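Observations on the model geometry
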Amino acid sequence: MSDLKTGQTEQAAADTPAPKKLFIKTYGCQMNVYDSERMAEALGGQGYVATEDMGDADMILLNTCHIRERAAEKVYHDLGRLRPLKDANPDLKIGVAGCVAQAEGQEIIRRQPMVDLVVGPQSYHRLPELEAKAGKGGKAIDTDFPQEDKFEHLAARPKARRAPAAFLTVQEGCDKFCAFCVVPYTRGAEVSRPVERVLSEARDLVERGVREITLLGQNVNAYHGLDANGRTRSLADLIWALNEVDGLERIRFTTSHPNDMTDDLIEAHGSCAKLMPYLHLPVQSGSDHILKRMNRSHTAESYLRVIERIRAARPDILLSGDFIVGFPEESEADFQATLDLIREVRFGQAYSFKYSTRPGTPAAERPLVDDAVAAERLARLQGLLTEQQRAIQDEMIGREVSVMFERKGRHEGQMVGKSEYLHAVHVGDNPAGVGEIRRVRITDSSSNSLRGILA
Ligand code: SAH
Ligand code: SF4
Ligand code: F3S
C-alpha cells in the first residue's frame, strides 16, 4: 500500500483533485497480503492513495479470511465497529473482499447493510467498476469465477521502491478437498500462472529493490504453468528459471502439500543455491484413521518418508507444519500418534489449530470432540512444538547464518532481518542497510527470535 503514497510530487498534487484515501485491513494468509497490494494498485487508477488512518479514509476495504469460524466472525465484529465512521461520513465506501466475501456474498449485506461492495478473490481486477457502482445506496457484488485471468487484467504494478522481501502468487485454488477446509470453495479450482508472467513480475520486483521472493499458492507445489513454448512446467522448473534472475538472491515458496513433493522439487532443495532451506509442509494429523477421515490422501508413514527424502537432499532444512486437533472422531490414541509424528520430525516452526466446523464442508456433519478435550490437546501439542522450536533455535547459537536485513530494530543502531531458515535475527551496531545480506554469528536465542553479531 505504501507504494501508492510515494511518487506523488507536490506539483502533481497541486494540479489534480485531492486524492481519495483507501484503508485496507488484511486478514488470513499471505495470499491475502499479496491480494491487498494488488487491490490497492487497482484502485490507484481510480485516484485512491493509501492511508494508515481509518478515520481519514474515503473507502475501507476488509480483505477477509473464512478458514475458521473465529476468523469469519471477526470480520462481522470489525464491520460493526465501522458504524460510527459511516454515520459521520455517509460517502464513506465500505467493501468486503477475500474469502468471507466469496463464501457469504449477499449474506454480508443482509447482516451489515452499510456494506457497499462485496468482491470475491477471483474478481478483484473488476474493483474499479465495482467501486464506481458502490455507495450512495448502490450495492456492488461480484463473487464470480470469471473466465478472464485477473492477473492479466490488473493494472501494471507501480514502479515505486519496495521492501526487500515480497510475495508473488504463482498458483491459486485447490482441488484437494480436505474434509474440513473451505479453500476449494472460496478460491476455486487450481490455476497456475504462465512461467513468463511470473518471471516478468519477478524482474519488475527486483528492479524495485526486492531481493527475496516467496512464491505463493494454496498448493504451490502443484504448480503446472505453461512456458513460452506451451510446455507445462513444474514448480521446480519455475524455481530454476527464477534462479537465473540477476539481483534476486532468495527464493521461498508456500504452502505445499505432501503429495506434491516431487523428486525435482526435492532435488532443487539440494542444489539450487537461491532456494532457502525452509519448508512449510502441513500434515494436520499423525493418525492414519484421522488422515483418512480428513481426506488428506497421504498417511503418517508416507509423510515421514517425504521428510526423509527432503532431509537427504538438504540436511539442515528447517521444517514447519500445520496441525488440527480435535477433528471429529479423534481419540486420545489418534492424538498420541500426532505427538509421535511431531517427535519423529522435529519441527522448527509450526501452526496449530483447534478444529473449527465450516458449514458446507463434509466434516461439518460429524459429531464434535468435546471442546475442553480439544483445548487440552491443543495445549499439549503446542507445548511440544514450542519445546522443539526453542531447542532448534538454541542449536543455532555459535553458528553462522546469512541474514537479509528488513527493518530497523527497537534499539538505536539495531537492525532486524531473516536468516535463511526464516528465523528473525536482531543485530546491533548498524550492521547493514535494509535489503543487504550479511553473515552473522548467532549469540543468543529468545522466545521468538535470535540475536547475533556480524561474522
Ligand atoms: N493449503 C494449505 C493451507 C490451508 S489453510 C494446506 O493445504 O496446507 C491453513 C491451515 O489452516 C491448514 O493447513 C489447516 O491446518 C488449518 N485449517 C483449515 N481448515 C481448518 C478448520 N476447519 N479448522 C481448523 N483449522 C483449519
Ligand atoms: Fe484446504 Fe486441504 Fe486444499 Fe490445503 S490441501 S487448501 S487444507 S483443502
Ligand atoms: Fe483464509 Fe482464504 Fe487464505 S480462507 S487462509 S484468506 S485462502
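Each chain has its residues counted from 1, following the order in which its sequence is written. Written order decides the labels, with chains lettered from A and ligands numbered from 1. The predicted nature of this model means local features are confined to residues of pLDDT at least 70 and side-chain atom pairs, given and counted, to a pLDDT of 80 or more, with totals for whole chains, interfaces and linings taken over all residues. Excluded from the side-chain calculation are hydrogens and water; included are all heavy atoms of the structure.

Per an unreviewed UniProt entry, the protein is named tRNA-2-methylthio-N(6)-dimethylallyladenosine synthase, and its organism is Litorivita pollutaquae. UniProt positions are given in the numbering used here, feature names are shortened, and annotations may be inferred rather than shown by experiment. The annotation that UniProt attaches to the protein under Subcellular location (unreviewed entry) is "Cytoplasm".

Okay, the overall build of the protein next. Each helix corresponds to a stretch of at least 4 residues labelled H or I by DSSP, and each strand to a stretch of at least 2 residues labelled E; elements are numbered beginning at the N terminus. Of the regular secondary structure elements, the protein holds 17 helices and 21 strands. Its C-alpha atoms give the protein principal-axis dimensions of roughly 60 × 55 × 50 Å. When the 455 residues of the protein are sorted by exposure, 54% land in the buried category. Note on areas: Shrake-Rupley, 1.4 Å probe, and residue coverage restricted to the protein chains presented here. Total accessible area on the protein stands at roughly 19,800 Å², and carbon and sulfur atoms take up 50% of it. The charge count treats Lys and Arg as positive and Asp and Glu as negative. His and the chain ends do not count. For charged residues, the charge sits on one atom: NZ in Lys, CZ in Arg, CG in Asp, CD in Glu. Looking at the protein, you have 59 positive and 67 negative side-chain charges, and the mean spots of the two groups are 2 Å apart. Each residue gets one of three labels from its accessible area relative to the maximum for its type: buried under 20%, exposed over 50%, partly exposed in between, using a 1.4 Å probe on protein chains only.

Here we come to the sheet that holds strand S16 (residues 349-354). Spatial strand order, S14-S15-S16: three strands in an open sheet with parallel pairing. Each edge of the open sheet carries a strand with a single partner, namely strand S14 (278-280) and S16. On average, each strand axis in the sheet is tilted by 10 degrees relative to the strand beside it, whichever way the strands run. In this description, strands pair whenever DSSP reports at least two bridges between them. Relative to strand S15 (residues 318-325), S14 runs parallel, the two sharing three bridges. Under this scheme, a helix contributes an axis fitted over its contacting stretch, all axes are lines through C-alpha atoms, and angles between N-to-C directions fall in the 0 to 180 degree range.

Helix-helix packing is characterised by the crossing angle of the two axes and by the distance between the axes. As a packed pair, helix H13 (residues 263-271) and helix H15 (residues 300-313) sit with axes 7 Å apart at the nearest point and diverge in direction by 35 degrees. Along the contact surface, H13 presents Asp263, Ile266 and Gly270, while H15 presents Arg309, Ile310 and Ala313. Here the term charged refers only to Asp, Glu, Lys and Arg, the term nonpolar to Ala, Val, Leu, Ile, Met, Phe, Trp, Tyr, Cys and Pro, and the term polar to all other amino acids, Gly among them. In the contact of H13 with H15, the residues fall into three nonpolar, one polar and two charged. Whether two residues are in contact is decided by their heavy atoms: any pair within 4.5 Å suffices.

Another aspect to go through is the domain arrangement of the protein. Segmentation into domains, and thus their bounds, comes from an automatic or database assignment. Under the domain assignment used here, the protein contains domain 1 (17-142) and domain 2 (400-454). If you average the C-alpha positions of domain 1 and of domain 2, the two centres end up 36 Å apart.

Attention shifts here to H13. Restricting attention to buried positions, one finds in H13 the residues Leu265, Ile266, Ala268 and His269. Around the axis of H13, the buried residues are gathered within 155 degrees of arc, so they sit on the same side. In this structure, the buried residues of H13 make contact with helix H12 (235-243), strand S13 (250-254), S14 and H15. Arc definition: directions from the helix axis to the C-beta atoms.

With that out of the way, let us pick up the pattern of salt bridges. For this document, the term salt bridge refers to a Lys or Arg side-chain nitrogen within 4 Å of an Asp or Glu carboxyl oxygen. Per the counting criterion, the structure on display carries 43 salt bridges. Between lysine 176 and glutamate 190 there is a salt bridge whose closest N-O contact spans 3.6 Å. One end of the pair, lysine 176, is in the loop between strand S8 (171-172) and helix H10 (183-186); the other, glutamate 190, is in the loop between H10 and strand S9 (191-192), with 14 residues separating them in the sequence. Accessibility classification places lysine 176 together with glutamate 190 in one group, the buried group. The salt bridge involving arginine 380 is made with glutamate 332; its shortest N-O contact spans 3.0 Å. Within this pair, whereas arginine 380 is found in helix H17 (residues 371-394), its partner glutamate 332 is found in helix H16 (residues 332-345), the two being separated by 48 residues in sequence. Among the residues examined, arginine 380 registers a relative accessible area of 31% and is labelled partly exposed. Salt bridges sharing common partners tie together Glu330, Glu332, Glu376, Arg377 and Arg380.

All residues in the neighbourhood of ligand 3 are listed as Cys29, Asn32, Thr64, Cys65, His66, Ile67, Cys99, Arg187 and Gln218. Here the shell around ligand 3 is composed, by residue class, of four nonpolar, four polar and one charged. Only a single heavy atom is needed: when it lies within 4 Å of a molecule or strand, its residue is near that molecule or strand.

With that settled, the discussion passes to the UniProt feature "binding site: [4Fe-4S] cluster 2" (unreviewed entry) in the protein. The sites that UniProt annotates as "binding site: [4Fe-4S] cluster 2" (unreviewed entry) are Cys174, Cys178 and Cys181. Counting through the fold element by element, cysteine 178 comes out in the loop between S8 and H10. Among the residues examined, cysteine 178 registers a relative accessible area of 8% and is labelled buried. Relative to the elements of secondary structure, cysteine 181 occurs in the loop between S8 and H10. Cysteine 181 gets classed as buried once you look at its relative accessible area, which sits at 13%.

Moving on: the pairing of strand S3 (residues 59-64). Summarising burial for S3: six of the six residues are buried, a large majority. In this structure, strand S1 (residues 20-26) lies alongside S3, joined through five bridges in parallel fashion. Across the sheet, residue leucine 22 finds its bridge partner in S3, namely methionine 59. Bridge count between S3 and strand S4 (residues 93-97): five bridges; the pairing is parallel. Across the sheet, leucine 62 pairs through a bridge with valine 96, a residue of S4.

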